[in-house]
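Working through the structure, step by step
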Amino acid sequence: MKTIIVSGTPGTGKTEIAKELAKKLKYKYIDVNKIIKENSLSDGYDKKKECEIVDVKKLSKFLIDFIKKSKQNLVIDSHLAHYLPKKYIDLCIITKCELKDLKKRLEKRKYGKTKIRENIDSEIFDVCLNEAAEKGHTILIIDTTGKKATKLLDKETISILQQI
């Protein structure tokens, strides 16, 4: 079985890319936020950061077990997915976009100023990309600036991804 993870700063287009990729490759789409809620993997809510508190080690252990038991190819969608060990992952896609686009997307989601700043800083410093590289993942970067996933994942790209 094959597993592709889609990671990147919140607002860079992970979900749109992951869903479109799963559809075109006929892989099962996995929403990690849903898994966190359904399996009580959150340790509470951080009001200041406006997000769930997630123990990455506990989440990784759960996802590794999920991958091992899966009888289907998977596309896993989460800004935490790149923490998974390389040996379980065939490809790590990192989504990126220009800062102006990211700011607009996060404002549209009604993120607070502090959360927007934190996510823009994460994008500036390539946090997800650097962490994925540190884990040794095979990485494909997709820039989603001003584009729809259907345009980014054309036949040629899908053909290449099917060979992985």
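Above this text sits the structure in question.
Residues numbered from 1 in each chain as written. Predicted model: local features only at pLDDT ≥ 70, side-chain atom pairs only at ≥ 80, totals over all residues. Heavy atoms only, no water.

Quick look at the overall build of the chain
- When you go through the chain residue by residue, the secondary structure sums to 8 helices and 7 strands.
- A compact globule built from 164 residues would reach a C-alpha radius of gyration of about 15 Å, and the chain, at 15 Å, matches this within 12%.
- Principal axes of the C-alpha set define a box for the chain whose edges measure 40 × 35 × 25 Å.
- Across the 164 residues that make up the chain, the buried fraction comes to 43%.
- For the chain, restricting intrachain contacts to residue pairs at least 6 apart in sequence, the fraction spanning at least 24 positions comes to 74%. (Helix = DSSP H or I, 4+ residues; strand = E, 2+ residues; numbered from the N terminus. Rg over C-alpha atoms; globule rule 2.2 N^0.38 Å. Buried < 20%, exposed > 50% of the residue type's maximum accessible area, 1.4 Å probe, protein only. Contact = heavy atoms within 4.5 Å.)

A short note on the nonpolar core
- If you look at the biggest cluster of nonpolar residues, it comprises 22 residues, and the most contacted ones within it are Ile5, Leu59, Ile67, Ile76 and Leu84.
- Sorting the residues of this core by element identifies helix H2 (32-38), helix H3 (56-69), strand S5 (74-77), strand S6 (91-96) and helix H6 (127-134) as the ones contributing at least two each.
- If you tally residues by element for this core, the top one is H3, at 4 residues.
- When near neighbours in sequence (up to four residues on either side) are disregarded, Leu84 contacts Ile5, Ser60, Leu63, Ile64, Ile67, Ile76, Ile89, Lys135 and His137.
- By size, the runner-up hydrophobic cluster in this structure holds 17 residues, among which are Ile17, Ala22, Ile142 and Leu161. (Core = buried A, V, L, I, M, F, W, Y, C linked by side-chain atoms within 4.5 Å.)

A few points about the pairing of strand S3 (residues 42-46)
- The sheet contact formed by S3 and strand S4 (residues 51-54) spans 3 bridges and is antiparallel. Bridging from a neighbouring strand, Ser42 pairs with Val54 of S4.
- The hairpin formed by S3 and S4 contains 4 residues between the paired strands, and Glu50 there has a positive phi angle of roughly 55°. (Pairing = 2+ DSSP bridges.)

Overview of the sheet that holds strand S1 (residues 3-8)
- The strand order across the open sheet formed by 5 strands is S2-S5-S1-S6-S7, and the pairing between neighbours is parallel. In this open sheet, the two edge strands, each paired with only one partner strand, are strand S2 (28-31) and strand S7 (139-143). Put simply, the sheet's adjacent strands are angled 20° from each other on average, direction ignored.
- Relative to S5, S2 runs parallel, the two being bridged by 4 bridges. (Axes fitted to C-alpha atoms, helices over the stretch in contact; angles between N-to-C directions.)

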